Amino acid sequence: MLERVAKTITRYSMIQPDQRVGVAVSGGADSVCLLHILRELALRWNLRLTVLHLDHQLRGEESRQDAEFVRELAASFDLPFERRQADLTGTGNLEQAARAARLDFFHQLLRDGQLDRVATGHTRSDQAETVVFRFLRGAGTAGLAGIRPVTEDGLIRPLIGMDRSEIEQYLRARGIAWRTDSTNADPAFARNRIRHALLPQLTRDWNPALPETLAHTADWARAEEEYWESELARLAAAHLTCQPPAVLLRTDALAKLPVAVARRLVRRAAEMAKGDLLGIGFEHLSGILELAAAAEGHGRLQIPGLDIFRSFNWLRIAPPTTDNSETRDYSFPLTVPGAVRLPGQHSIVQAELFENTNVTESSAGVYNEGVGGLDWYRLSGALEVRNWRPGDQYQPAGRGAAEKIKVLFHEGRVPLWERRHWPVVTMAGVILWTRRFGPAAGFAAGPESRAVLAIRETGA
């Protein structure tokens, strides 16, 4: 077994020479075996081991005895011992709360630089249980990848290639004692029902090598996910636009992708916007794709932790907001020269005066940037920057008549969420300039203009 574990460590590059490795020991067979084996292998990599134990305080005296057992085991090996207690009273799902407490304990030690790696006693049996559990909950390949042998944050699982029965046999053959957690037999926990009832039945009636088969499934799924992680980085850079807190993507580009790629891209966009994928399932991703594929127009979908809007050929994925600034009008004086930072946006409207300068007209804002030139000597009052409001209309330079800005939005295929804070520059209530559509015909600078007021929108 020693060499098999060493091979697993090497295969997954779990540790490097001279590293400080914490060994998570609950007192159970798996973690006790892990400590014994790593202690024997420590000289190969010149490892400095520390024994870690989290007392969940869920089983009274039994929990206290577990902690004492692990302390004594660490002392017998003359190893440092790090213990923490967790208060899980009042938590909903005890399994999840206990796991979160353990991870917090390990991650703190890793973040603080006290350790380089933390080794846990997860086995191939745990892997099989995890794959079945996640399959029953409807997981995709990301979930079926199961327990990763190595995580980016420094957790390693040296026993991931060993079955629980092998580990117990190894300990018995050497007369090594371990503790038994009484809750491991409690059928109230889903994992225990899988471990003691479902998996044994499937192994007996369907596939004697089921744990190994499920471990191979996890390996296969993990390799798929590792490929997609690198591929998604490229796809996200090409197709996703971040406008915190939202992520945007074009529906026409999405429609050209194979369904498997489109589904993963939408999943990545949801993760970027939400921060995680908790509560997001297959049906939610399918709903987003259906919204993106709908006939041209507008639509909306709400899923756990996210609000998705479709407008023209844009899809916007963002957390729901309770911030009333989303619906609040704004209005600010614009001095010359001067600048106004637009609320809730990452842009600034600037005004600058030029003498005898030709200023080319072009659009500004989210889609492209540029300058709108106004004839300075046609202006005769204070300037103001405010957001577009329903009913606003003006005649852009180059058009034959005034139009409602809402009509210009439609012609320009401006998504609904961009319109609310769309900036316009006014003088005594008259619109002089607006993002993208430029200066008003009656005030636009021309070759004869002696002085030009340049209105420019730039990124903050």
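Look up: the structure comes first, before these words.
Computed from a predicted model, the values in this text were never measured in an experiment.

Student: I'd love a proper account of the environment of L353, names of residues and values included.
Tutor: You can see L353 is positioned in strand 13 (residues 347-355). A residue is classified by how much of its surface remains accessible, and L353, at 33% relative accessible area, is partly exposed. For L353, the contacting residues outside a window of four places in its chain are V336, W376, A451, V452 and L453.

Student: Which residues make up the sheet that holds strand 8 (residues 298-303), and what values go with them?
Tutor: Strand order in this open sheet of 5 strands is 6-7-10-9-8, and the pairing throughout is antiparallel. Edge positions in the open sheet fall to strand 6 (241-243) and strand 8, since each of these has one partner strand only. Direction aside, neighbouring strands of the sheet carry axes that sit 20 degrees apart on average. Relative to strand 9 (residues 306-311), strand 8 runs antiparallel, the two being bridged by 6 bridges. Pairing of R300 across the sheet is with F309, part of strand 9.

Student: Go over the packing of helix 5 (residues 124-136) against helix 8 (residues 190-205) with me, naming the residues and quoting the values.
Tutor: Interaxial distance between helix 5 and helix 8 falls to 10 Å at its minimum, and their mutual angle equals 105 degrees. Relative to helix 8, the element helix 5 is oriented roughly perpendicular. Together, D126, A128, E129, T130, V132, F133 and L136 of helix 5 and A190, R191, I194, R195, L198 and L199 of helix 8 make up the contact between the two elements. Along the lines of polarity and charge, the residues of the contact of helix 5 with helix 8 split into 8 nonpolar, 1 polar and 4 charged.

Student: Please set out the side chain of N387 residue by residue, giving values where relevant.
Tutor: Looking at where N387 falls in the secondary structure, it is placed in strand 15 (residues 383-387). Here R420 takes part through its backbone oxygen, which lies 3.5 Å from a polar atom of the side chain of N387. Apart from the residues within four sequence positions on either side, N387 is in contact with D329, Y330, D392, R420, H421, W422 and V424.

Student: Mind laying out the nonpolar core, listing which residues take part and the relevant values?
Tutor: In terms of nonpolar packing, the biggest core is built from 34 residues, with I9, L35, L49 and L171 touching the most fellow members. The set of elements that each furnish at least two residues to this core consists of helix 1 (2-11), strand 1 (20-24), helix 2 (29-45), strand 2 (48-55), helix 3 (61-76) and helix 7 (164-173). Element by element, the count of residues in this core is highest for helix 2, at 10 residues. What L171 contacts, discounting residues up to four positions off in sequence, is A29, V32, C33, I176 and W178. Ranked by size, the runner-up nonpolar core spans 28 residues in total, among them L342, L374, L379 and I431.

Student: Can you explain helix 2? Please cite residues and give values.
Tutor: Since one α-helical turn is 3.6 residues long, residues separated by three or four positions face the same way. Between the first and last C-alpha of helix 2 there are 24 Å, a value that for 17 residues agrees with the 24 Å anticipated at 1.5 Å per step. At R39, helix 2 is bent by approximately 35 degrees, the largest bend along its length. When you tally the buried positions in helix 2, you get 13 out of 17 residues, the bulk of the element. The first or second residue beyond helix 2 is N46, which carries a positive phi of 55 degrees.

Student: Any details on the pattern of salt bridges? Residues and values, ideally.
Tutor: Under the counting rule described, the total for this entry stands at 33 salt bridges. Two residues, D329 and R420, come together in a salt bridge whose shortest N-O distance is 2.9 Å. With D329 in the loop between strand 10 (314-318) and strand 11 (331-334) and R420 in the loop between helix 14 (416-419) and strand 18 (423-427), the pair connects residues that are 91 residues apart, well separated along the chain. Via salt bridges that share partners, D30, D126, E129, R164, R191 and R195 belong to a single interconnected network.

Student: Which residues make up the packing of aromatic side chains, and what values go with them?
Tutor: Scanning the entire structure with this criterion turns up 7 aromatic pairs. Here F409 and W422 contribute two aromatic rings whose centre-to-centre distance is 5.2 Å and whose plane-to-plane angle is 75 degrees, an arrangement assigned as edge-to-face. Linking F409 in helix 13 (residues 405-411) with W422 in the loop between helix 14 and strand 18, this pair joins segments that are 13 residues apart in sequence. For W422, a relative accessible area of 0% corresponds to the buried category. Aromatic rings pair up to connect W388, F409, W422 and F437 into one cluster. It is R435 that lies over the ring of W422; its NZ or CZ is 4.8 Å from the centre. Seen from the ring of Y377, R450 lies directly overhead, with NZ or CZ sitting 4.1 Å from the centre.

Student: Can you tell me about the side chain of R222, naming the residues and giving the values?
Tutor: Note that R222 resides in helix 9 (residues 210-239). Among the polar contacts listed, one links the side chain of R222 to the side chain of D219, at a separation of 2.3 Å.

Student: Hey, could you go over the pairing of strand 18 for me, with residue numbers and the actual values?
Tutor: Judged by how many residues are buried, strand 18 sits mostly within the fold: 5 of 5 residues are covered. In terms of strand pairing, strand 15 meets strand 18 through 5 bridges, oriented antiparallel. Directly across from R386, in strand 18, lies its bridge partner V424. Relative to strand 19 (residues 430-434), strand 18 runs antiparallel, the two sharing 4 bridges. Each bridged residue has a counterpart across the sheet, and for T426 the counterpart in strand 19 is I431.

Criteria and cut-off values
- Starting afresh in each chain, residues are numbered from 1 along the sequence in its written order.
- For this predicted model, a pLDDT threshold of at least 70 governs which residues receive local features, and a threshold of 80 or more governs which side-chain atom pairs are given and counted, while totals over whole chains, interfaces and linings are taken from all residues.
- No hydrogens and no water enter the side-chain calculation; it runs on all heavy atoms of the structure.
- To qualify as a helix, a DSSP run of H or I must reach at least 4 residues; to qualify as a strand, a run of E must reach at least 2; elements of each kind are numbered from the N terminus.
- Think of it in three bands: residues with accessible area under 20% of the maximum for their type are buried, residues over 50% are exposed, and the middle band is partly exposed, with areas taken using a 1.4 Å probe on protein chains only.
- The contact definition used throughout considers only heavy atoms, calling two residues in contact when any of these lie within 4.5 Å.
- Pairing between two strands requires that DSSP report at least two bridges joining them.
- The axes used here are C-alpha line fits, helices contributing only the stretch in contact, and every angle between their N-to-C directions lies in the interval 0 to 180 degrees.
- Roughly parallel means an angle under 35 degrees; roughly antiparallel, over 145; roughly perpendicular, 65 to 115; everything else is oblique.
- Following the grouping adopted for this structure description, the nonpolar residues are Ala, Val, Leu, Ile, Met, Phe, Trp, Tyr, Cys and Pro, the charged ones are Asp, Glu, Lys and Arg, and the polar ones are all others, Gly among them.
- In protein, a polar contact requires one atom able to donate a hydrogen and another able to accept it; more generally it is a pair of N or O atoms within 3.5 Å, and residues adjacent in sequence count only if both atoms are side-chain atoms.
- What is meant by a nonpolar core is a set of buried Ala, Val, Leu, Ile, Met, Phe, Trp, Tyr and Cys residues, joined one to another through side-chain atoms within 4.5 Å.
- Given the number of residues in a helix, its expected span is that number minus one, multiplied by 1.5 Å.
- Note on bend: at a given residue it equals the angle between the axes fitted to the 7 residues ending there and to the 7 starting there.
- Put simply, a salt bridge is a Lys or Arg side-chain nitrogen that is within 4 Å of an Asp or Glu carboxyl oxygen.
- For Phe, Tyr and Trp, where Trp contributes only its six-membered ring, two rings pair if their centres lie within 6.5 Å, and the inter-plane angle classes them as stacked under 30 degrees, edge-to-face over 60, or tilted in between.
- Any Lys NZ or Arg CZ that is within 6 Å of a ring centre and within 35 degrees of that ring's normal is treated as a charge sitting over the ring.

Everything listed is a geometric property; what it means functionally is a separate question.
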